[in-house]
Amino acid sequence: MAEVDHLAAERATARFDVEEMKVAWAGSRHAVHVADRMARLVASDPVFRKDNRTMLSRKELFKDTLRKAAHAWKRIVELRLTEEEADLLRQYVDQPGYVDLHWGMFVPAIKGQGTEEQQHKWLPLAYKFQIIGCYAQTELGHGSNVQGLETTATFDPKTDEFVIHSPTLTSSKWWPGGLGKASTHAVVYARLITEGKDYGIHGFIVQLRSLEDHSPLPGVTLGDIGGKFGSGAYNSMDNGVLRFDHVRIPRDQMLMRLSQVTREGKYVHSNVPKQLLYGTMVYVRQSIVADASKALSRAVCIAVRYSAVRKQFGSQDGGPETQVLNYKTQQSRLFPLLASAYAFRFVGDWLNWLYTDVTQKLEAKDFSTLQEAHACTAGLKAVTTSVTADAIEECRKLCGGHGYLNSSGLPELFAVYVPACTYEGDNVVLLLQVARILMKTVSQLASGKQPVGTMAYMGKVQYLMQCKSAVSSAEDWLNPDAIQEAFEARALRMAVNCAQNISQAASQEEGFYERSPDLLEAAVAHIQLIIVTKFIEKVHQEIPGHGVKEQLQALCNVYALYILHKHLGDFLATGCITPRQGALANEQLGKLYAQVRPNAVALVDAFNYTDHYLGSVLGRYDGDVYPALYEEAWKDPLNETVVPEGYHEYLRPLIKQQQLKLSRL
Ligand SMILES: CCCCCCCC/C=C\CCCCC/C=C/C(=O)SCCNC(=O)CCNC(=O)[C@H](O)C(C)(C)COP(=O)(O)OP(=O)(O)OC[C@H]1O[C@@H](n2cnc3c(N)ncnc32)[C@H](O)[C@@H]1OP(=O)(O)O
Ligand SMILES: Cc1cc2nc3c(=O)[nH]c(=O)nc-3n(C[C@H](O)[C@H](O)[C@H](O)COP(=O)(O)OP(=O)(O)OC[C@H]3O[C@@H](n4cnc5c(N)ncnc54)[C@H](O)[C@@H]3O)c2cc1C
């Protein structure tokens with residue numbers, strides 16, 4: 001705890017119990033305690049220091065990542081941490097690295113697509129780090145279009161092996177994290193060819209490097225694909241390139257849970273949807289939604305605390321300067337982001353529940369919710385990552401000039417975060433998947449088929465297509481039913497409009513292609529409805545703690561009315577609300593900002609982030625920003641010498657030359 005709390009006055013104005021809000025944010029009292037313990041464990045360990053990260057060269061940074069990963073593993077083993085604790089510890093280490101892919105994709109791919117026998121063989125090796133794995137799907141030529149991958153896995157019945165081959169330059173695996181330098185194994189996605197027939201993409205476990213000296217195995221060419229956006233940031237990750245020259249693997253290294261190749265080379269597909277092959281991506285997409293709320297809340301925490309510390313311009317009578325957080329423009333930019341952080345947290349929790357539920361159903365051979373899981377994970381991944389990436393940049397601007405310094409933590413957070421809009425599915429490609437499912441659902445309405453899950457509202461088509469909002473005062477917008485109805489009507493009408501336009505095209509496919517920009521917007525409207533709905537549902541639950549429910553209610557309204565204001569064109573164009581009702585929503589939004597203002601600092605305190613995890617001099621808990629900024633500047637390598645290197649070669653001769661010229665005049 002800080003000795004002098006420059007934000008004490010801010011904390012004193014909070015009208016709710018911050019400790020109970022921490023519980024609401026984390027999900028349970030247990031979750032708060034575990035997270036707290038792990039965060040402090042990391043913060044107090046000098047190996048996990050990260051304040052110098054942006055000053056390291058790529059090689060130093062990569063070695064630092066290896067060191068941290070090894071040290072984290074040592075601590076996990078020494079302290080006998082549970083899986084939950086270990087995950088949190090890695091999260092607080094906060095440095096992307098090969099372990100993310102090992103635990104996050106390699107292990108889940110084997111769990112999801114391997115037979116019991118295969119799991120029994122490979123998982124213990126992975127669990128003890130006797131092998132290190134990555135997820136090698138994307139190629140130089142194709143990422144989004146998975147069916148377009150070119151790597152081949154041809155079955156050779158003579159030797160009972162698959163021959164893995166990269167037939168073209170564009171078939172080189174390109175991007176997999178952990179592949180470049182660290183992994184010994186990969187789950188490789190390749191076209192399965194047997195008995196002369198191409199059966200499409202399947203997963204194979206392939207060893208890449210020697211377990212003795214880490215050198216590439218014969219026929220394997222691999223390396224790192226090069227430096228990436230920003231200093232520090234995602235450059236700690238060894239995203240890699242990989243080519244195979246007729247590399248042989250035993251038949252039983254094909255992941256055979258969904259389909260098999262027999263000893264004779266016969267292809268057998270189990271009676272399950274082929275999309276289960278994409279299961280690892282669905283799993284990771286739901287983790288990415290949870291991660292979005294973490295990244296967004298970090299940026300918002302920095303911007304809120306700093307905005308409370310920073311003062312600019314005085315009162316007209318020469319009194320004290322104004323905290324920038326008091327400017328209405330600062331509030332209208334920042335508070336919707338604060339509300340979005342909470343909204344993403346709660347929708348992330350719900351998505352995690354949905355994923356668990358779908359997984360249990362799949363195990364019982366019930367595939368009915370597969371489409372719902374795909375639409376929700378793809379859509380929520382796309383919307384939450386796009387908003388978060390933009391929001392981090394907005395937080396940088398909200399911190400003025402100091403936000404541009406590495407020591408603010410925001411440039412690195414942005415650089416680490418932005419690829420989330422691309423990896424695990426480009427956001428546009430994923431939203432078009434949602435749109436496809438929306439169009440399918442609309443087309444089935446006429447046949448009387450009742451939509452289910454998050455599409456259930458579309459079943460109220462008769463009502464939602466013609467309803468008119470009853471809002472007649474700003475306060476009316478505090479009614480969750482009014483909000484819910486407006487969002488449902490907007491989403492449905494946008495989807496139906498798209499479907500009508502598509503039906504006028506020469507073919508469904510052509511119509512979809514022509515209308516894809518509108519379809520994107522319809523998909524976003526549907527996903528925003530889900531986020532609003534889940535926030536409203538959360539607030540309806542019993543939430544203990546003085547004032548906690550009231551604050552969450554206010555944030556829920558901020559989130560919904562901000563989206564309504566931002567996308568007012570949609571609501572007006574579809575006739576869901578009138579211009580007057582739009583203006584009333586904006587009026588109410590202003591009142592809500594005033595309600596959030598005294599609670600803002602406490603609302604970010606509830607994220608319970610250590611100064612180490614935040615990694616920002618602007619976001620310090622104690623608000624003692626200026627001495628920290630000043631001190632950080634002196635740590636820059638440029639300040640190691642008073643006279644810079646290069647002075648004698650370039651500066652002195654220049655200055656002397658000018659002096660000489662002047663003396664000749
Ligand atoms: C790893 C760590 C995890 C923790 C995260 C926390 C953050 C930590 C921070 C840092 C670490 C980050 C690590 C990042 C690692 C990144 C890894 C990757 O990027 S891996 C590669 C990911 N690649 C993609 O996502 C590719 C995107 N493309 C696709 O998914 C597909 O090709 C497609 C776009 C969906 C198209 O598929 P396809 O051509 O097969 O078909 P369609 O004709 O469109 O669809 C056919 C039917 O299949 C349905 N469908 C499609 N996908 C799915 C699915 N996933 N599940 C269920 N159903 C699916 C589709 O709806 C169609 O259905 P019908 O209409 O026929 O009914
Ligand atoms: C940091 C990072 C880490 C990664 N880690 C891994 C990993 O561990 N393993 C792995 O296998 N892969 C990994 N990837 C690859 C990643 O999954 C792909 O980059 C991603 O799926 C996007 O595919 P792409 O690069 O082919 O983009 P493209 O599909 O080429 O996208 C280019 C542009 O085309 C647009 N576009 C493409 N298709 C359509 C369409 N049908 N309609 C409209 N617009 C379209 C996109 O919106 C985009 O604007 C990683 C990528 C990054 C950046």
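Residues numbered from 1 in each chain as written. Chains lettered and ligands numbered in written order. Predicted model: local features only at pLDDT ≥ 70, side-chain atom pairs only at ≥ 80, totals over all residues. Heavy atoms only, no water.

## Section: the overall build of the protein
Helix and strand counts for the protein come out as 23 helices and 13 strands. Its C-alpha radius of gyration of 27 Å places the protein within 12% of the 26 Å reference for a compact globule of 665 residues. Along the first, second and third principal axes, the C-alpha set of the protein runs to 90 × 80 × 65 Å. Relative to its full complement of 665 residues, the protein shows a buried share of 53%. Of all intrachain contacts in the protein linking residues separated by at least 6 positions in sequence, the fraction that spans at least 24 positions is 75%. Summed over its atoms, the accessible surface of the protein is roughly 30200 Å², and 55% of this surface lies on carbon and sulfur atoms. With 70 positive and 73 negative side-chain charges, the protein shows a separation of 2 Å between the mean positions of the two kinds. (Helix = DSSP H or I, 4+ residues; strand = E, 2+ residues; numbered from the N terminus. Rg over C-alpha atoms; globule rule 2.2 N^0.38 Å. Buried < 20%, exposed > 50% of the residue type's maximum accessible area, 1.4 Å probe, protein only. Contact = heavy atoms within 4.5 Å. Areas by Shrake-Rupley, 256 points an atom, 1.4 Å probe, with all protein chains shown as cover. Lys, Arg positive; Asp, Glu negative; His and termini not counted. Charge placed at Lys NZ, Arg CZ, Asp CG, Glu CD.)

## Things to note about the sheet that holds strand 8 (residues 240-244)
Ordered in space as 4-8-7, the 3 strands form an open sheet in which the pairing is antiparallel. Taken across any chain shown, the strands that pair with only one partner, and hence form the sheet edges, are strand 4 (173-174) and strand 7 (220-224). The pairing of strand 7 with strand 8 spans 5 bridges and is antiparallel. Bridging across to strand 8, Asp-224 finds its partner in Gly-240. (Pairing = 2+ DSSP bridges.)

## Things to note about the domain arrangement of the protein
Partitioning the protein into domains gives domain 1 (107-271) and domain 2 (472-605). Between the C-alpha centres of domain 1 and domain 2 the distance comes to 43 Å. (Domains from an automatic or database assignment.)

## Some details on the site of ligand 1
Surveying the vicinity of ligand 1 reveals 28 residues, the closest of which are Ser-144, Tyr-278, Arg-285, Glu-424 and Lys-440. In the model, an oxygen atom of ligand 1 is placed 3.4 Å from a nitrogen or oxygen of the Gln-147 side chain. Within the side chain of Lys-440, an N or O atom sits 2.7 Å from an oxygen atom of ligand 1. Relative to its free-state accessible area of 1300 Å², ligand 1 is covered by the protein chains to the extent of 77%. Those elements that place two or more of their residues in the shell around ligand 1 are helix 6 (98-113), helix 8 (279-309) and helix 12 (427-445). Sorting elements by how many residues they give to the shell around ligand 1 places helix 8 first, with 7 residues. Each residue belonging to the shell around ligand 1 can be placed in one class, and the counts come to 12 nonpolar, 11 polar and 5 charged. (Near = heavy atom within 4 Å. Polar contact = N/O pair within 3.5 Å; in protein donor to acceptor, adjacent residues only side chain to side chain. Nonpolar A, V, L, I, M, F, W, Y, C, P; charged D, E, K, R; others polar.)

## Observations concerning the pattern of salt bridges
Taken as a whole and assessed by the stated rule, the structure comprises 39 salt bridges. With its nearest N and O atoms 2.5 Å apart, the salt bridge here joins Asp-605 to Arg-11. Taken together, the residues Asp-605 in helix 20 (residues 600-605) and Arg-11 in helix 1 (residues 8-12) connect sequence positions 594 residues apart. Comparing Asp-605 with Arg-11, the two get one shared label, buried. By sharing partners, the salt bridges in this structure join Lys-50, Arg-53, Asp-94, Arg-298 and Glu-412 into a single network. (Salt bridge = Lys/Arg side-chain N within 4 Å of Asp/Glu carboxyl O.)

## Side note on the site of ligand 2
Tyr-135, Thr-138, Gly-143, Ser-144 and Asp-426 are the nearest of the 20 residues found near ligand 2. Within the backbone of Tyr-135, one N or O atom sits 2.9 Å away from a nitrogen atom of ligand 2. Measuring from an oxygen atom of ligand 2, one finds a backbone N or O atom of Gly-177 at 3.0 Å. Surface burial for ligand 2 is 63%, taken as the share of its 970 Å² of free accessible area covered by protein chains. No other element matches the 3 residues that helix 12 contributes to the shell around ligand 2.

## What to know about the confidence of the model for the protein
Confidence in the prediction for the protein averages 97 pLDDT; 99% of positions are at 70 or higher. Interface confidence for the predicted complex, expressed as ipTM, amounts to 0.98; the pTM equals 0.97. (pLDDT = per-residue confidence, 0-100.)

## Details of the pairing of strand 9 (residues 247-250)
Only one face of strand 9 is covered, namely the face carrying Val-247 and Ile-249; the face carrying Arg-248 and Pro-250 is uncovered. As paired elements, strand 3 (residues 161-165) and strand 9 share 4 bridges and run antiparallel to each other. Within strand 9, the position partnered with Glu-161 by the bridge is Pro-250.

## Concerning the nonpolar core
With 146 residues, the main nonpolar core has Leu-338, Tyr-342, Trp-477 and Leu-552 as its most contacted residues. In terms of residue count, the dominant contributor to this core is helix 9 (residues 328-363) (15 residues). Aside from chain neighbours lying at most four places away, what touches Leu-338 is Val-300, Leu-555, Val-596, Leu-603, Val-604 and Phe-607. Judged by nonpolar contacts, the second largest core, of 28 residues, contains Ile-110, Ala-126, Leu-276 and Met-281. (Core = buried A, V, L, I, M, F, W, Y, C linked by side-chain atoms within 4.5 Å.)

## A few points about helix 12
Taking 1.5 Å of rise per residue, 19 residues should cover 27 Å, and helix 12 covers 27 Å from first to last C-alpha, within 8% of that figure. Inspection of helix 12 places Asn-427, Leu-430, Leu-431, Val-434, Ala-435, Ile-437, Leu-438, Met-439, Thr-441, Val-442 and Leu-445 among the buried residues, and these make up the whole buried set. Turning to helix 12, the residues buried within the fold contact helix 8, helix 10 (370-398), helix 13 (461-466), helix 14 (480-503), helix 15 (508-514) and helix 16 (516-540). Its side-chain oxygen at 3.0 Å from the backbone nitrogen of Val-428, Asp-426 defines the N-terminal cap of helix 12. (Expected span 1.5 Å × (residues − 1).)

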